[in-house]
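One-letter residues, chain by chain:
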Amino acid sequence: MPVFSRLALLGVASVLAKEATNCQGGSCASQLEDDSLMQLNRLGVNAERTSPSMRKSFVQNSLPYLHPQGKSADGKEGKILINEDGVNNTYYLPGATTLDDGFTVEYRPPYRFYLMNKFTTDYSNADNFYYPPFPGKTFSIDIDFKRNGPGCGCNLNFYLVSMPWSEEGKDHDWYCDAQCFDGLGCCHEFDMNEGNKEVQQMTNHACTNDYQGHPDWQCHKWGEPETKTAAHEFSPGAGKTIDSNKPFTYSQRFDVSGDDFTFTTTISQEGRSIVKRMEPGHQLNAMLKELKKGMAFVTGYWFAEDMNWMDGDECGGGKEHCNMNPAYISNWRLTTNDGPAPVPTPPSPGPGPAPPSPSGGKCCWGGGCTGCTDASNWCSQSSGNCGQCGGEWC
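The structure presented is a predicted model; accordingly, all values stated were derived computationally and were not measured. (Residues numbered from 1 in each chain as written. Predicted model: local features only at pLDDT ≥ 70, side-chain atom pairs only at ≥ 80, totals over all residues. Heavy atoms only, no water.)

Visitor: Which parts of the structure should I look at to understand the nonpolar core?
Guide: The nonpolar side chains of a soluble globular protein tend to be buried, and buried together. Counting residues in each nonpolar core, the largest one holds 71 residues, and the members touching the most others are F139, F190, M192, F297 and W332. If we ignore the near neighbours within four places in the chain, the residues touching W332 are I80, L81, I82, N83, F103, V105, Y107, F139, S140, I141 and F297. (Core = buried A, V, L, I, M, F, W, Y, C linked by side-chain atoms within 4.5 Å. Buried < 20%, exposed > 50% of the residue type's maximum accessible area, 1.4 Å probe, protein only. Contact = heavy atoms within 4.5 Å.)

The following block contains the structure:
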């Protein structure tokens with residue numbers, strides 16, 4: 001750990017020790033944890049990037065659509081077509097603006113929508129939801145952010161949660177997720193996508209209630225595993241593997257082998273692609289059990305001044321201001337996997353000797369620097385090679 005980080009941690013520890021005297025029975029432990037992480041962030045330490053405190057803006061800036069009572073229709077049926085193994089099936093995202101007779105969804109903040117079997121906002125009844133059978137399938141869409149689409153501070157997303165919750169909640173939509181917000185339910189959350197023009201992030205938030213160091217956690221609030229793009233892989237402008245100014249295809253493969261779950265995200269554009277993979281493990285395999293039961297598909301667009309936990313690597317640590325410009329997702333597809341999951345194929349090295357690997361460096365595809373190649377592999381001979389292989393440099 002760098003000296004600066006050690007000093008920062010010692011400073012925070014002293015603050016915690018001082019403030020702890022005002023706590024009774026450990027009731028303020030969670031608040032102290034959030035405060036300490038915020039202090040670390042101000043000191044230049046990235047510990048808060050995945051802190052649950054960063055996600056509290058979601059409560060204020062993400063709203064469910066509720067159909068006006070007494071009206072049979074208000075033009076917000078949100079009909080959407082999903083091509084499932086070659087057949088276009090009709091479902092609904094009540095409240096969403098859909099175009100092209102249901103093939104395209106237009107996104108604008110601050111709403112979140114639920115994938116339903118019919119046009120209804122009765123979110124208390126599980127029979128009203130459409131739970132896509134993701135295990136053994138590949139989900140694909142085309143995303144168009146346009147040149148001036150959602151930037152820093154914006155969060156366009158789709159994810160899965162174990163809805164409906166047992167209580168109506170403050171938003172009257174029976175919502176739950178892994179952050180366990182006051183007034184909302186607490187349940188498994190699988191973030192297939194969160195992002196904007198600067199970054200794309202995928203995070204698993206299982207609820208195993210066995211988190212050492214966090215006895216108050218029912219679910220993994222920070223997420224494990226988590227994977228995301230780097231600026232050279234995905235961001236606006238030429239020279240990136242994926243230029244987010246242009247349309248791109250976003251594809252996610254759910255592979256199951258016994259009790260093991262492998263989740264592979266491929267982002268492609270004009271013959272180029274990047275691959276992000278989550279390998280089997282305790283937390284990811286726990287999510288598989290929920291996926292097999294069926295999880296509600298949630299999609300929306302929210303914003304926050306403190307979205308740095310997601311896009312801070314590209315947008316910095318300061319206050320962010322989402323431009324709130326629209327984005328479009330089209331050509332929704334769900335297809336049955338054919339055969340085992342593909343293994344990333346390293347590109348052929350160019351002429352001449354490959355650059356030496358930095359000391360201790362390696363290219364990995366699994367969470368927590370697992371599933372790595374050895375130092376002699378072309379992908380592990382430099383961070384640039386690793387990026388071309390779709391891996392993460394560890």
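Visitor: What is the right way to read helix α5 (residues 308-315) from this model?
Guide: Along an α-helix, residues three or four positions apart point the same way, because every turn accommodates 3.6 residues. Considered for burial, the residues of α5 that qualify are N308, W309, M310, D311 and G312. With its phi angle positive at about 90°, G316 sits one or two positions after the end of α5. (Helix = DSSP H or I, 4+ residues; strand = E, 2+ residues; numbered from the N terminus.)

Visitor: Got a minute to help me understand the environment of E224 in this structure?
Guide: Turning to its location among the elements, E224 is positioned in the loop between β12 (200-205) and β13 (226-228). Other than its neighbours up to four places away in sequence, E224 contacts N204, Q283 and L284. Separated by 3.5 Å, the side chains of E224 and H220 make a polar contact. (Polar contact = N/O pair within 3.5 Å; in protein donor to acceptor, adjacent residues only side chain to side chain.)

Visitor: Help me out: how do you make sense of the sheet that holds strand β8 (residues 154-161) in this one?
Guide: Each strand in a sheet pairs with another by means of backbone hydrogen bonds, the pair being arranged parallel or else antiparallel. Judged by pairing direction, the sheet is mixed, and its seven strands sit side by side in the order β1-β6-β19-β8-β11-β12-β13 without closing on themselves. In this open sheet, the two strands that pair with only one neighbour each are β1 (63-64) and β13. Taken together, the two bridges between β1 and strand β6 (residues 111-114) define a ladder with parallel strand orientation. Looking across to β6, one finds that L63 is bridged to Y111. (Pairing = 2+ DSSP bridges.)

Visitor: Sorry, what's going on with the side chain of S162 here?
Guide: With respect to the helices and strands, S162 occurs in the loop between β8 and β9 (176-177). Separated by 2.8 Å, the side chains of S162 and E290 make a polar contact. Apart from residues lying up to four places away in sequence, S162 is in contact with C176, C187, H188, E290 and M295.

Visitor: What is the right way to look at the pattern of salt bridges in this model?
Guide: Where charged atoms of side chains with opposite charge meet at close range, the side chains can pair. Taken as a whole and assessed by the stated rule, the structure comprises 13 salt bridges. With a closest N to O distance of 3.5 Å, K137 and D85 form a salt bridge. Pair noted here: K137 is in strand β7 (residues 137-144) and D85 is in the loop between β2 (79-84) and β3 (87-92), with a separation of 52 residues, a long-range link. The exposure class assigned to K137 is buried, which follows from its relative accessible area of 18%. Its relative accessible area of 43% is what places D85 among the partly exposed residues. Among the salt bridges present, the one from D255 reaches R253, with a minimum N-O distance of 2.6 Å. What makes R253 buried here is its relative accessible area of 14%. Overlapping salt bridges bring together R112, K170, D171 and D173 as one network. (Salt bridge = Lys/Arg side-chain N within 4 Å of Asp/Glu carboxyl O.)

Visitor: Explain the state of the cysteines to me, please; I cannot follow it from the model alone.
Guide: Two cysteines form a disulfide when their sulfur atoms are joined by a covalent bond. Taken as a whole and assessed by the stated rule, the structure comprises five disulfides. Through a disulfide, C176 is tied to C187; the S-S separation comes to 2.1 Å. Torsion about the S-S bond of the C176 and C187 cystine: about 90°, corresponding to right-handed handedness. Of this pair, C176 sits in strand β9 while C187 is found in the loop between β10 (185-186) and β11 (189-195), placing the two residues 11 residues apart along the sequence. The same class applies to C176 as to C187, namely buried. Here C180 engages in a disulfide with C186; their sulfurs sit 1.9 Å apart. (Disulfide = S-S within 2.5 Å.)

Visitor: I'm lost on the pairing of strand β17 (residues 260-269) in this one. Help?
Guide: Successive side chains on a regular strand alternate, one facing one side of the sheet and the next facing the other. Within β17, seven of the 10 residues are buried, which leaves the element mostly enclosed by the surrounding structure. Hairpin connection from strand β16 (residues 248-257) to β17: two residues lie between these consecutive antiparallel strands, with G258 at a positive phi of about 65°. One ladder, built from seven bridges, connects β17 with strand β18 (residues 272-278); its direction is antiparallel. Bridge pairing in β18 places S268 opposite S273. The antiparallel pairing of β17 with β18 creates a hairpin that spans two residues between the two strands, and E270 there sits at a positive phi of about 50°.

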